Amino acid sequence: MAGGVRRKSPGSPSPLWGKLHTLWQDKHLVLFKTEYTLLVVSVLWFLEIGFNAWVIQKVAYTEIDWKAYMDEVEGVINGTYDYTELKGDTGPLVYPAGFVYIFTVLYYITSHGVNIRLAQYLFAAFYLITLLLVFRIYHRTKKVPPYVFFFVCCASYRIHSIFVLRLFNDPVAMMLLFGAINLFMDGNWTRGCGMYSLAVSVKMNVLLFAPGLLFLLISEFGLIRTIPKLSLCAGIQLLLGLPFLLENPVGYVSQAFDLGRQFMFKWTVNWRFLPEWLFLDRYFHLILLASHLLALLLFALRRWKRPGESIFDLLKDPSKRKAPAQKITVDQMVLILFTSNFIGMCFSRSLHYQFYVWYFHTLPFLLWSGGVKKLAHLLRVLILGLIELSWNTYPSTIGSSAALHVCHLIILLCLWLAPPLHSAPPAETEEPTPEKDKGQ
């Protein structure tokens, strides 16, 4: 007797089965549809665990700066707080106080810096944390097709080398920086500014993001309400540097934040095609600085600012502006920060091999944010490949440096040709299945 009893139809699949069935049907598009970003990056992240372990076990470690780092922090541990007296094998200590504290912790964990293998695994953990933070940005923005993330992971020899074979401090600074960007995306501006300041305290290359961050803060809060955020950043720097500032304030500032430091021609990646005398010339450095500032100003006024809004109106509290304030989207936020840093890289006085990590993880976003619709996927991947080749050419050559500048110029032009950020976004035409940005 089955009267009144409803049986489950054998043909009605469970929600999980439905998702798996859809995934199987779209298997040929998984690498192209941004809705599968989380799936693809999750697989790649777990593969990276094994890949990093393999690199550490099978590829020889190369000593460059790790011993110098340990010597420098050992000087602090022994009671030297005068920055002008802190030195390592490769020269004087030229990083802010946050570097000292973080690498002091690493000094003790690694048995006074002797346990290199343990240090490598710690930096592998830094790498995996950095990837998580970067992948979260790409998952939120959903702008880059998932197949590109293979090039962000397994295909870059130089990035793995910088993290787990060289143990530079640059990855630590960038890990903190991407943590700050994630906080900004979540609307945690105060905590994000604090994290950003910590990143600067490890290495001041993070200041290349500062113009973009300043623009975002003013856009979001106006000038008056931005001041407390800037004060927090400055306060953290003062607090971290206090022991050294009390001992020799001029020595600390001049060493840790030396903007005029001279670089060696033999290590340059981007200016190999210049004669050495021109590379070292101060007037050439001033031209690069002026070009850097001009590019930032042009992007701020013509690409970041809303059309029709004056810069003076932007300084006002959002509630008092003539036009209603528009909320900054995640896409816009990330693009401004990444572009600000990229412009600094384009006009840098010199780029050394470890500096690649300063912008490597931002390149796909910048390439897929450009305004040239006919810049095909293959051409974008080719640009990524040429940049990787340029950074892997050691020693750098005239050709590798020139290729790097050509790639930088193409990306910069594409960013310039993109529509202003506050105008309506154009319809997407390049993806196999057009989608709207879900990370906003």
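Residues numbered from 1 in each chain as written. Predicted model: local features only at pLDDT ≥ 70, side-chain atom pairs only at ≥ 80, totals over all residues. Heavy atoms only, no water.

You'll find the chain entered in an unreviewed UniProt entry as Dol-P-Man:Man(5)GlcNAc(2)-PP-Dol alpha-1,3-mannosyltransferase, with Notothenia coriiceps given as the organism. Looking at the Pathway (unreviewed entry) heading of the UniProt record, one finds this comment for the chain: "Protein modification; protein glycosylation." (UniProt positions renumbered as here; feature names shortened; annotations may be inferred.)

*Asks:* Requested: an account of the overall build of the chain, with residues and values cited.
*Replies:* Broken down by element type, the chain carries 18 helices and two strands. Counting contacts in the chain only where the partners sit at least 6 residues apart, residues at least 24 apart contribute 77% of the total. Just so you have it, the chain exposes about 20800 Å², and 69% of that area is on carbon and sulfur atoms. (Helix = DSSP H or I, 4+ residues; strand = E, 2+ residues; numbered from the N terminus. Contact = heavy atoms within 4.5 Å. Areas by Shrake-Rupley, 256 points an atom, 1.4 Å probe, with all protein chains shown as cover.)

*Asks:* Quick one: what's the story with helix 13 (residues 282-304), residue by residue and with numbers?
*Replies:* End to end, helix 13 covers 31 Å across 23 residues, agreeing with the expected 33 Å (1.5 Å per residue, within 8%). Of the positions making up helix 13, those classed as buried are F284, H285, L288, H292, A295, L296, F299, A300, R303 and W304. Elements in contact with the buried residues of helix 13: helix 10 (210-247), helix 12 (276-279), helix 15 (330-346) and helix 18 (398-417). (Expected span 1.5 Å × (residues − 1). Buried < 20%, exposed > 50% of the residue type's maximum accessible area, 1.4 Å probe, protein only.)

*Asks:* Quick one: what's the story with the nonpolar core, residue by residue and with numbers?
*Replies:* Nonpolar side chains in soluble globular proteins generally cluster together in the buried interior. W66, F103, F338, I387 and W391 are the most contacted members of the largest nonpolar core, which totals 132 residues. No other element matches helix 5 (residues 116-141), which puts 13 residues into this core. Those residues in contact with F103 that lie beyond four places of it in its chain are W66, Y69, M70, V73, F123, F168, N169 and V172. (Core = buried A, V, L, I, M, F, W, Y, C linked by side-chain atoms within 4.5 Å.)

*Asks:* Before we move on, can you summarise the packing of aromatic side chains with the specific residues and values?
*Replies:* Taken as a whole and judged by the stated rule, the model has 43 aromatic pairs. Ring geometry for Y138 and F149: centres 5.2 Å apart, planes at 70°, overall edge-to-face. Remark: F149 occurs in helix 6 (residues 149-152) and Y138 occurs in helix 5; sequence separation between them is eleven residues. F149 shares its class with Y138; the two are buried. With a centroid separation of 5.2 Å and 85° between ring planes, the pair formed by W271 and F284 is classed as edge-to-face. Highlighted residues: W271 in the loop between helix 11 (249-256) and helix 12 and F284 in helix 13, separated in sequence by 13 residues. Comparing W271 with F284 shows no difference in burial state: the two are buried. (Phe/Tyr/Trp six-rings, centres within 6.5 Å; stacked < 30°, edge-to-face > 60°.)

*Asks:* Go over the UniProt feature "transmembrane region" (unreviewed entry) in the chain with me, naming the residues and quoting the values.
*Replies:* If you check UniProt for "transmembrane region" (unreviewed entry), the listed places come out as residues 36-56, 93-109, 121-138, 195-218, 230-246 and 283-301 in our numbering. Helix makes up 76% of residues 93-109 and strand 0%, whereas the separation of the span's terminal C-alpha atoms amounts to 21 Å. In this annotation, residues 121-138 is assigned 100% helix and 0% strand; the end-to-end C-alpha distance for the span is 26 Å.

*Asks:* Tell me about unusual backbone geometry, and please be specific about residues and values.
*Replies:* Note that the residue after Y394, namely P395, is joined by a cis bond; omega there is -10°. By the element assignment, P395 lies in the loop between helix 17 (377-392) and helix 18. With a phi close to 65°, H112 is a non-glycine residue in the positive phi region. In this structure, H112 sits in the loop between helix 4 (97-109) and helix 5. Unusually for a residue other than glycine, K142 sits at a positive phi of about 50°. Considering the arrangement of structural elements, one finds K142 in the loop between helix 5 and helix 6.

*Asks:* A description of the side chain of T268 should follow, citing residues and the corresponding values.
*Replies:* Secondary-structure assignment places T268 in the loop between helix 11 and helix 12. Among the polar contacts made by the side chain of T268, one reaches the main-chain amide nitrogen of W271 at a distance of 3.3 Å. Side chain to side chain, T268 and S350 meet in a polar contact 3.2 Å long. Residue contacts for T268: discarding those within four places in its chain leaves F279, S350, L351, H352 and S396. (Polar contact = N/O pair within 3.5 Å; in protein donor to acceptor, adjacent residues only side chain to side chain.)

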